[in-house]
Amino acid sequence: MKAIFQTRSGKPDVLQVGDLPSPACGPKDVLVSNLATSVNPRDCLIRAGRYQLQFLVPKFPLVLGSDCYGRVLSTGADVHNFNVGDLVYGLKNPSHGLGTYADCVSIAAKNLARAPDNLSIDQGAGVPLCALTAYQALVDHGQLQQKQRRKCQRILVIGASGGVGSFSVQIAKAFGAKVDGICSASNAELVQSLGAERVFDYKTQDIKTLKSQYDIIFDTIGQHSPATCRHLLAKNAAFVTTVPAPSFLLKHLASKLLPLLSIPHIRKRIVMVKPNQEQLTAITDFIQKGKIVPMVDSVYAMEDVTDAHLRSQSKRAVGKIIIRTQAS
Ligand SMILES: NC(=O)c1ccc[n+]([C@@H]2O[C@H](COP(=O)([O-])OP(=O)(O)OC[C@H]3O[C@@H](n4cnc5c(N)ncnc54)[C@H](OP(=O)(O)O)[C@@H]3O)[C@@H](O)[C@H]2O)c1
């Protein structure tokens, strides 16, 4: 197979394109002809050897990548719910071997779902990791529920224009919640078009000066803590983060040991994304209905993977950074 791989940790230029043996397809696996993948910020950390869970990362030669999107090439003996030619997408975490920066991917059938048929390749390849992170943060940890009659949950998404943030705004909106977002002024219009009612510019508006009350605050970029957002959290609200700031982690650990230190009536959660076929299917359903439109920041050929990683490291991506793993 053709893959992007590395034989040592380092800067983006350690990534090279070449041929590697195709992955094995176990009895519970599906072999996918992978059309594209996406760059997630953790890819850059893993590449550099700085990921917090680096011990889970496979050995060199390492093929990065968590998102796969393509057509089923073959199925293992125990797989009965996918057929050759099906359009699918799925998520592979480090503990599942990563490996989606390649034109062929082996993935457990339980971590795959049928992909929507109303997306471009680039839109589809950016969905699994970020949309599942948003879904698990809001629904599993935040207890976001479908709007019932007059009860409308209020959600604040911090980092609303990024990969996770842009899905979070749309998922919250699809559930019928009222959503506000925080991002830079240049992305305000886009975030509003995704469904946010009010958008705050973090460069000109200190979060401490905001006055609303929210049932869920989802900090997609780890800028804040329950303490800095306390005045915004309604009773029984949840503060969920993807990347806990060091002060948050310390207080979180301390409050486990000394419950009195915790803020009463506030749930504090750290999301750790996991593959989930049922949730990915629910996301597919929203996409098919036009309630979620995946945002693409930029598209790169495999040979330009260095630029794709530099773009991710800029922390300015609006939506997803895509790498095409097959020529169209
Ligand atoms: N725990 C998990 O399971 C999990 C899963 C997925 C991602 N993550 C982590 O979550 C973080 C976000 O991931 P991502 O894929 O969404 O990243 P991303 O797409 O690279 O995020 C880029 C966005 O961040 C925004 N941003 C940068 N600084 C900001 C600030 N101070 N305030 C508000 N927005 C700011 C930028 O918006 P502006 O240009 O408008 O500032 C840009 O749109 C990463 O650290 C990633 O590793 C964790």
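Residues numbered from 1 in each chain as written. Predicted model: local features only at pLDDT ≥ 70, side-chain atom pairs only at ≥ 80, totals over all residues. Heavy atoms only, no water.

Chemist: I'm lost on helix α1 (residues 41–48) in this one. Help?
Modeler: Given 3.6 residues per helical turn, the α-helix brings residues three or four places apart onto the same face. Looking only at α1, the buried set comprises Arg-42, Asp-43, Cys-44, Ile-46 and Arg-47. Tucked into the core, α1 has its buried residues touching β3 (29–39), β5 (87–91), α3 (128–141) and α8 (305–313). In the segment just after α1, Gly-49 is the residue with positive phi, at about 80°. (Buried < 20%, exposed > 50% of the residue type's maximum accessible area, 1.4 Å probe, protein only. Helix = DSSP H or I, 4+ residues; strand = E, 2+ residues; numbered from the N terminus. Contact = heavy atoms within 4.5 Å.)

Chemist: I tried to follow the packing of α3 against helix α4 (residues 163–174) on my own but got confused; where do I start?
Modeler: Here α3 crosses α4 at 55°, and the two axes come no closer than 8 Å. As summarised for this structure, α3 and α4 are arranged oblique, according to the angle between their axes. Here α3 runs over α4; the crossing is right-handed. Every residue of α4 that contacts α3 at Cys-130, Ala-131, Thr-133, Ala-134, Tyr-135 and Leu-138 is listed here: Gly-163, Val-164, Phe-167, Ser-168, Ile-171 and Ala-172. The class makeup of the residues in the contact of α3 with α4 is nine nonpolar, three polar and no charged. (Axes fitted to C-alpha atoms, helices over the stretch in contact; angles between N-to-C directions. Parallel < 35°, antiparallel > 145°, perpendicular 65-115°, else oblique. Left-handed = near helix turned anticlockwise from the far one by under 90°. Nonpolar A, V, L, I, M, F, W, Y, C, P; charged D, E, K, R; others polar.)

Chemist: Before we go on, may I ask you to explain the site of the ligand in this structure?
Modeler: With respect to spatial proximity, 24 residues lie near the ligand, and among them Ser-184, Tyr-202, Val-271, Val-273 and Ala-317 are the closest. One of the side-chain N or O atoms of Ser-161 is found 2.8 Å from an oxygen atom in the ligand. A distance of 2.8 Å separates an oxygen atom of the ligand from a polar atom in the backbone of Ala-317. Notes on the ligand: free accessible area 920 Å², of which the protein chains cover 86%. (Near = heavy atom within 4 Å. Polar contact = N/O pair within 3.5 Å; in protein donor to acceptor, adjacent residues only side chain to side chain. Areas by Shrake-Rupley, 256 points an atom, 1.4 Å probe, with all protein chains shown as cover.)

Chemist: Honestly, the nonpolar core in this entry has me stumped. Any pointers?
Modeler: Most often, soluble globular proteins have nonpolar side chains that are buried together. Counting 48 residues, the largest nonpolar core has Tyr-89, Val-127, Leu-144, Ile-155, Ile-171 and Ile-283 as its most contacted members. With nine residues, α3 is the single largest residue contributor to this core. Both of domain 1 (2–127 + 294–324) and domain 2 (131–270) provide at least three residues apiece to this core. Counting 26 residues, the second largest nonpolar core, distinct from the first, contains Leu-62, Cys-104, Val-305 and Ala-317. (Core = buried A, V, L, I, M, F, W, Y, C linked by side-chain atoms within 4.5 Å. Domains from an automatic or database assignment.)

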